[in-house]
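# Fold and geometry: a report
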Amino acid sequence: MTGPNRVLFDAPGPRARRRIRLATALSVLVIAGLIALGVHQLARHGQLDHARWQPFGQWPYQRFLLQGLVRTLKAAGMAALIVLPAGALLALGRLSPHRVLRLAAGGFVELFRSVPLLLVLYVFLMGIPRAGYTFPVFWELVIPVVLCTSALLAEIFRAGVLALDRGQSEAGYALGMRRRQVMWLVVLPQAVRLVVPTLVSQLVSLLKDTTLGYIVSYPELLNQGKVLGSYTHDFLQSYLSVTAIYIVVNAVLSQLAEALERRGKRRPKAGAAGTGPGLPGPRTPEGVGVEALRTT
């Protein structure tokens, strides 16, 4: 066991390891038993009959679900394009030396971090139209997702900026940069690199948030599955098909997050390339500061 793990708990002894293996084996058996029981009950009630599943192997049914998947990806993609820069701007606002800007950004973040997305959707569905303003169905879903997710991403970006070594910004100031230049050219690019895996994980949550599109009657994937279940009267088969599609899409995004995380861990060992625009020297925070001071 490595040193960092020993800080959390002592290495288990022979008896503890045997108990852990026994508990693991019992847990696996219990889970397998529950799955077998569930499959037996489904088979007993005819839910596993070939006739119930056969329509979902036909292209018209698959195309209907794929159309919902395309709309889901369209809504999630549009929301992602907006929330990434919006989250970065809100984070910079919270870190701003100007009190008014800092309070405004902080109030927005705290408000939409606290309010459930479902409530914001109902506001856009029933509250805003009563005031005389209406949005297309697509934007009735995207705007609430953007408002809530951008507040979460703002905290992620802010955490990345605060986690960065102070030597990075000090090196920028030593080169004669202004605060805005240091933040945009030095600090923010490296902070984004630090939080990329977390950002991708949050995008997975954003994709799942689009399932609330049924509230505004947006025909996303889950809504299409509901319509298909109503048509075939096989809700279980329809929802399981939708679940399988979501698992595949989220698995791809999770693999992307892991690949980016592995790439980020290997990058500090790359050598003596610059850490950011305008800063020569090695990638380590200490190296950047020393090299910058040398050039001055």
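Structure: see above.
Keep in mind that what you see is a predicted model, and the values were worked out from it rather than measured.

This paragraph deals with a positive patch on the surface. A surface patch of positive charge is lined by Arg15, Arg17, Arg18, Arg19 and Arg21. By secondary structure assignment, the location of Arg19 is in helix 2 (residues 14-44).

Before going further, it helps to spend a moment on the environment of Val145. Counting through the fold element by element, Val145 comes out in helix 7 (residues 137-163). Residue class for Val145 comes out buried when judged on its relative accessible area of 2%. It is 9.3 Å that separates the C-alpha atoms of Val145 and Ala80, two residues lying 65 residues apart in sequence. Filtering out sequence-adjacent residues up to four positions away, Val145 remains in contact with Ala79, Val83, Leu117, Ser150, Leu206 and Asp209.

Here we take up helix 7. Taking 1.5 Å per residue as the helical rise, helix 7 with its 27 residues ought to reach 39 Å, and the 39 Å between its terminal C-alpha atoms agrees with that figure. In terms of burial, helix 7 is a largely internal element, 19 of the 27 residues being buried.

This paragraph deals with the pattern of salt bridges. By the definition in use, this model includes six salt bridges. Salt-bridge contacts for Glu155 lead to Arg94; the nearest nitrogen and oxygen are separated by 2.6 Å. In this pair, Glu155 sits in helix 7 while Arg94 sits in helix 4 (residues 59-94), placing the two residues 61 residues apart along the sequence. The exposure class assigned to Glu155 is buried, which follows from its relative accessible area of 18%. Among the salt bridges present, the one from Arg113 reaches Glu155, with a minimum N-O distance of 3.6 Å. One end of the pair, Arg113, is in helix 5 (residues 99-114); the other, Glu155, is in helix 7, with 42 residues separating them in the sequence.

Attention shifts here to the packing of helix 4 against helix 10 (residues 221-232). Look at helix 4 against helix 10: their axes get within 7 Å of each other, and the N-to-C directions meet at 155°. Of the possible angle classes, the one that applies to helix 4 and helix 10 is roughly antiparallel. Where helix 4 crosses over helix 10, the two elements pack in a sense that is right-handed. Contacts between helix 4 and helix 10 involve Tyr61, Phe64, Leu65, Gln67, Gly68, Leu69, Arg71 and Thr72 from the first element and Leu221, Gln224, Gly225, Val227, Leu228, Tyr231 and Thr232 from the second. Partitioned by chemical class, the residues of the contact of helix 4 with helix 10 number eight nonpolar, six polar and one charged.

What counts and how
Note on numbering: residues in each chain are counted from 1, in written sequence order. Only residues with pLDDT of at least 70 get local features here, since the model is predicted, and only at 80 or more are side-chain atom pairs given and counted; chain-wide, interface and lining totals rely on the full set of residues. Hydrogens and water molecules were not included; the side-chain quantities draw on all heavy atoms of the structure. Here the term patch refers to residues with relative accessible area over 30% and no salt bridge, with like charges joined within 9 Å and nonpolar side chains (Val, Leu, Ile, Met, Phe, Trp, Tyr) within 5 Å. In these tables, accessible area is a Shrake-Rupley quantity obtained with a 1.4 Å probe, and a residue counts as shielded only by the protein chains included in the view. We define a salt bridge as a side-chain nitrogen of Lys or Arg found within 4 Å of a carboxyl oxygen belonging to Asp or Glu. We score Asp and Glu as negative and Lys and Arg as positive, and we do not count His or the chain ends. A charge is said to be at NZ when it belongs to Lys, at CZ for Arg, at CG for Asp and at CD for Glu. In this description a helix means any DSSP run of H or I spanning at least four residues, a strand means any run of E spanning at least two, and both kinds are numbered starting from the N terminus. A 1.4 Å probe rolled over the protein chains alone gives each residue an accessible area, and that area as a share of the maximum for its type sets the label: buried under 20%, exposed over 50%, partly exposed in between. The contact definition used throughout considers only heavy atoms, calling two residues in contact when any of these lie within 4.5 Å. What a helix should span is 1.5 Å times the count of its residues minus one. Think of each axis as a best-fit line through the C-alpha atoms, taken over the contacting stretch in the case of a helix, with angles from 0 to 180 degrees between the N-to-C directions. Angles are sorted into four bins: roughly parallel if under 35 degrees, roughly antiparallel if over 145, roughly perpendicular if 65 to 115, and oblique for all others. Crossing handedness follows the turn of the near helix against the far one: under a right angle anticlockwise gives a left-handed crossing, and clockwise gives a right-handed one. Any residue outside Ala, Val, Leu, Ile, Met, Phe, Trp, Tyr, Cys, Pro, Asp, Glu, Lys and Arg is labelled polar, Gly included; the first ten of those are nonpolar and the last four are charged.

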